[in-house]
Amino acid sequence: MSGRVYGSFFRLRFINGLQYRAAAYAGVATQFAWGFMEILLFHAFYQTDPAAFPMEFSQLAAYVWLQQAFLALFMLWFFENEIFDGILSGTIAYELARPTDLYVMWFTRSAANRLSRAVLRCMPILVVAVFLPEPFRLTAPANAADFGWFALTLVLGLLTVVAFSMLVYISAFYTLSSQGIRLVVSAVGDLLMGGLIPLPFMPEGVQKVLELTPFAAMQNLPLRAYTGQLAGEELLWTAVLQVFWLAVLILLGRLWMKRALRRVVIQGG
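Below is a summary of the structure that appears in this document.

Reading the values: the criteria
- Residues numbered from 1 in each chain as written.
- Predicted model: local features only at pLDDT ≥ 70, side-chain atom pairs only at ≥ 80, totals over all residues.
- Heavy atoms only, no water.
- Helix = DSSP H or I, 4+ residues; strand = E, 2+ residues; numbered from the N terminus.
- Rg over C-alpha atoms; globule rule 2.2 N^0.38 Å.
- Core = buried A, V, L, I, M, F, W, Y, C linked by side-chain atoms within 4.5 Å.
- Buried < 20%, exposed > 50% of the residue type's maximum accessible area, 1.4 Å probe, protein only.
- Contact = heavy atoms within 4.5 Å.
- Salt bridge = Lys/Arg side-chain N within 4 Å of Asp/Glu carboxyl O.
- Polar contact = N/O pair within 3.5 Å; in protein donor to acceptor, adjacent residues only side chain to side chain.
- Phe/Tyr/Trp six-rings, centres within 6.5 Å; stacked < 30°, edge-to-face > 60°.

When helices and strands are counted, the chain shows 12 helices and zero strands. For the chain, the N- to C-terminal ordering of α and β elements is α-α-α-α-α-α-α-α-α-α-α-α. Here the C-alpha atoms of the chain give a radius of gyration of 20 Å, agreeing with the 18 Å that 2.2 N^0.38 yields for 269 residues. Each of the three principal axes of the chain carries a C-alpha extent, and together these read 70 × 40 × 35 Å.

Counting residues in each nonpolar core, the largest one holds 70 residues, and the members touching the most others are Phe 70 and Trp 106. In terms of residue count, helix H8 (residues 144-171) provides more of this core than any other element does, 13 residues in total. Residues within four places of Phe 70 in sequence aside, it is in contact with Cys 122, Leu 126, Phe 150 and Leu 154. Within the second largest apolar cluster, five residues are counted, among which are Leu 221, Ala 225, Leu 230 and Leu 235.

Omega for the bond connecting Glu 134 with Pro 135 falls within 30 degrees of zero, at 0°, which places this linkage in the cis form. Residue position: Pro 135 is located in the loop between helix H7 (102-130) and H8.

Counting buried positions over the eight residues of helix H11 (residues 220-227) gives eight, a clear majority of the element. Residues of H11 that are buried: Asn 220, Leu 221, Pro 222, Leu 223, Arg 224, Ala 225, Tyr 226 and Thr 227. One or two residues past the end of H11 sits Gly 228, with phi positive at roughly 85°.

So, about the pattern of salt bridges. Any two side chains of opposite charge can pair, so long as their charged atoms come close to each other. Tallying each qualifying case throughout the model produces five salt bridges. Here Glu 204 makes a salt bridge to Lys 208, at a shortest N to O gap of 3.4 Å. With Glu 204 and Lys 208 both in helix H10 (residues 204-210) and four residues apart, the pair spans about one turn of that helix. For the pair shown, Glu 204 and Lys 208 are each scored as exposed. Between Arg 224 and Glu 211 there is a salt bridge, with the nearest N and O atoms lying 3.1 Å from each other. Taken together, the residues Arg 224 in helix H11 and Glu 211 in the loop between H10 and H11 connect sequence positions 13 residues apart. For Glu 211, a relative accessible area of 21% translates into the label partly exposed.

Residue position: Thr 153 is located in helix H8. For Thr 153, the side chain forms a polar contact with the main-chain oxygen of Trp 149, separated by 2.6 Å.

Attention now moves to the packing of aromatic side chains. Counted according to the given criterion, the structure contains 20 aromatic pairs. On the numbers, 6.4 Å between centres and 25° between planes, the contact of Phe 32 with Phe 36 is stacked. With a gap of four residues between them, Phe 32 and Phe 36 both fall in helix H2 (residues 21-46), about one helical turn apart. Residue classification places Phe 36 among the partly exposed residues on the basis of a relative accessible area of 33%. On the numbers, 6.2 Å between centres and 65° between planes, the contact of Phe 32 with Trp 65 is edge-to-face. Remark: Trp 65 occurs in helix H3 (residues 57-69) and Phe 32 occurs in helix H2; sequence separation between them is 33 residues. The residues Phe 32 and Trp 65 share a single accessibility class, namely buried. Ring pairs connect the aromatic residues Phe 42, Tyr 46, Phe 53, Phe 57, Phe 136 and Phe 201, which therefore count as one cluster.

A few words on the environment of Ala 260. Topologically, Ala 260 is positioned in helix H12 (residues 232-263). Spatially, the C-alpha atoms of Ala 260 and Phe 173 are 6.6 Å apart, while their sequence positions differ by 87 residues. The residues touching Ala 260, leaving out its near neighbours within four places in the chain, are Ile 170, Phe 173 and Tyr 174.

Structure representation (structure tokens):
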């Protein structure tokens, strides 16, 4: 199947996602509230001894605002209910009858929906965060190289999240309900990827282990690259690890999808 077909499907899903502006505005308000609360909470701790923390407060503020601006790209609790419903109801048979690669179609759909949500929400948050007073505002990266690494790893991070989400979708072929694994992934994944607190704030031993997992290849890398908290050889090594996990997750997902489809049975007439 030509890549133009999947490109067209991506554009259609992306444009469709841009229509939900009311929900996006409500999400922006929520993310502003959460971002301010988180930054003020950390600021209270930083008042005691700023040198005791692994990130400068300006870096932390930038991390939080970027996290809120691009939340839709990385939130592990966001799944396509349409996919789960199709597996449960059996309407997936219509997708299997089409001359397309089901894995690629689902991957494209998920990426387009996440990107459309992020486009609607990111600009208001970024614009306001830039004009906040010091030390709470979003500062620019130290140099063009940091921004370049941020942009590159942001795209790779999105693809890694989608590839991981694909494993959750495929697991629904083997369960009567997807709620259990979705709840576990949402709770555990958000912590391990630095969604609740940045990974540098974890105990050193725990941080070293987490940085070797695919969760660190999601939002942790691009946000720390932007702030300059990751640089030099450490940044390069982490980016290589991100590409590695992306390839592993895609390969694992495709193999598991192939195995699941060989055993799938569509009931009804």
